[in-house]
Amino acid sequence: MLGVELVYLAKVIGPVVCTVKHPAYEGRTLLIISPIDDPDDYEIAVDYVGAGVGDTVIAGGAPGVAQSVFNLDKAPIKTLIMGIVD
Amino acid sequence: MKFGKVIGTVVSTQKDANLVGVTLLVIQPLDQDLTPKGSPYIAADATGQAGPGQVVTIVFSADATQAFPQRRIPVDASIVGIVDDCTLAQLSQGAG
Amino acid sequence: MQMARVAGTVVSTQKDPKLVGLKLQLVQPLDIITGNDSGRPLVAVDTVGAGIGDVVMIVGGSSARQTDRTASSPVDLAIVSIIDLVEVDGKTVYDRRGFTGEGSK
């Protein structure tokens, strides 16, 4: 039932700003992250911890996680940034 | 979420009842620096405002069904954001 | 979602009870821009009454179970719409009424 990757390390490579967005994204920060294991790939993630460009972060998600974290009935959100690696 | 560019539209009258009123758009998938990568596919527009030429953010599979208020909706790719011009300028300069 | 052409019908009598009453079609995925075959044919549950030759939209994975007919059935691909018209870069690349390709615009 769960996705292939649950939690992984990634590097923050840039911010994304959307002019128009789904209500579930209102007030949230979006960052582009690139998995440490696969630098050619990327994912646009919702920041939950105040990460910045250049940070190495813990990222991931699974069905239902964004719904519970943000207390929403419906959340079309795949990946959350949930930690900054020291 | 991934980036995609809206390159076209799909018109369909005979469809699943929960898809009535949902705009279907043709998407060219993009890399993190907005370079086209991969084959085009169809996505459902959950913003109601996306159109050809725009760069959008897209969620997939089970997350895509979460983008619409319908209890059930058979979509596996949904547009959830339209990327702003400043971000586009930064990314296409090779921030990735 | 992907564009595909209905290429045939699949008939099966001995199957999971939750598949009884569902129509199975063989679909050939298409390249949206060229209209050419793209990849191998697949079996999909038809929820809209498509016929052979129709160009349809297919949805995959758990999303294929998000129709009233396929909810809780063991399916991972569903036909959810019959496509009438596709425009890419301002040009009509598919028109159900018969005009397709470069010469249409």
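Here, the structure is the one placed above.
Residues numbered from 1 in each chain as written. Chains lettered and ligands numbered in written order. Predicted model: local features only at pLDDT ≥ 70, side-chain atom pairs only at ≥ 80, totals over all residues. Heavy atoms only, no water.

Asker: Teacher, can you tell me more about the overall build of chain B here?
Answerer: Summing up its helical and strand segments, chain B has 2 helices and 6 strands in all. From first element to last, N terminus to C terminus, chain B shows the α and β order β-β-β-β-β-α-β-α. For a compact globule of 96 residues, the expected C-alpha radius of gyration is about 12 Å, and chain B comes in at 13 Å, within 12% of that figure. Seen through its C-alpha atoms, chain B measures out along the principal axes to roughly 45 × 25 × 25 Å. Within the span of chain B, comprising 96 residues, buried residues form 62% of the whole. The long-range share in chain B, meaning contacts at least 24 apart out of those at least 6 apart in sequence, stands at 52%. When the accessible surface of chain B is summed, it comes to about 3,600 Å², and 50% of that surface belongs to carbon and sulfur atoms. (Helix = DSSP H or I, 4+ residues; strand = E, 2+ residues; numbered from the N terminus. Rg over C-alpha atoms; globule rule 2.2 N^0.38 Å. Buried < 20%, exposed > 50% of the residue type's maximum accessible area, 1.4 Å probe, protein only. Contact = heavy atoms within 4.5 Å. Areas by Shrake-Rupley, 256 points an atom, 1.4 Å probe, with all protein chains shown as cover.)

Asker: What's the story with the sheet that holds strand β4 (residues 43-47) of chain A in this structure? I'm lost.
Answerer: In a beta sheet, neighbouring strands pair by backbone hydrogen bonds and run either parallel or antiparallel. Residue and element names in this part refer to chain A. In spatial order, the strands read β1-β3-β4-β6-β5; together these 5 strands close into a barrel with mixed pairing. Strand after strand, the sheet turns through a mean of 55° between neighbouring axes, direction not considered. Sheet analysis places strand β1 (residues 7-16) next to strand β3 (residues 29-35), joined by 6 bridges and oriented antiparallel. Each residue of the ladder has a partner; that of Ala10, found in β3, is Pro35. (Pairing = 2+ DSSP bridges. Axes fitted to C-alpha atoms, helices over the stretch in contact; angles between N-to-C directions.)

Asker: I keep staring at the interface of chain A and chain B and nothing clicks. Help me out?
Answerer: Buried accessible area, meaning the area lost when the parts come together, often serves as the stated size of an interface. Contacts between the two partners involve 26 residues from chain A, matched on the other side by 30 residues from chain B. Summed over both sides, the interface between chain A and chain B buries roughly 2,200 Å², with carbon and sulfur atoms accounting for 54% of that surface. For chain A, the biggest contributors to the area lost against chain B are Val20(A), Tyr42(A) and Lys74(A); these three give 28% of the whole. Linking chain A to chain B there are 1 salt bridge. For the salt bridge of Asp41(A) with Lys2(B), the shortest nitrogen-to-oxygen distance reads 2.9 Å. Connecting chain A to chain B are 16 residue pairs in polar contact (both at pLDDT 80 or more). (Buried area = accessible area lost by both parts, 1.4 Å probe. Salt bridge = Lys/Arg side-chain N within 4 Å of Asp/Glu carboxyl O. Polar contact = N/O pair within 3.5 Å; in protein donor to acceptor, adjacent residues only side chain to side chain.)

Asker: Explain the environment of Val12(A) here, please?
Answerer: All names here are of chain A. Among the structural elements, Val12 can be located in strand β1. In this structure Val12 comes out as buried when scored by relative accessible area, which is 2%. On a C-alpha basis, the gap between Val12 and Pro35 in space is 9.0 Å, while along the polypeptide they are 23 residues apart.

Asker: Can you walk me through the side chain of Glu43(A) in this structure?
Answerer: Inspection of the secondary structure puts Glu43(A) in strand β4. For Glu43(A), a relative accessible area of 6% corresponds to the buried category. The residues touching Glu43(A), leaving out its near neighbours within four places in the chain, are Tyr8(A), Leu31(A), Ile32(A), Ile33(A), Lys78(A), Thr79(A), Met1(B) and Lys2(B).

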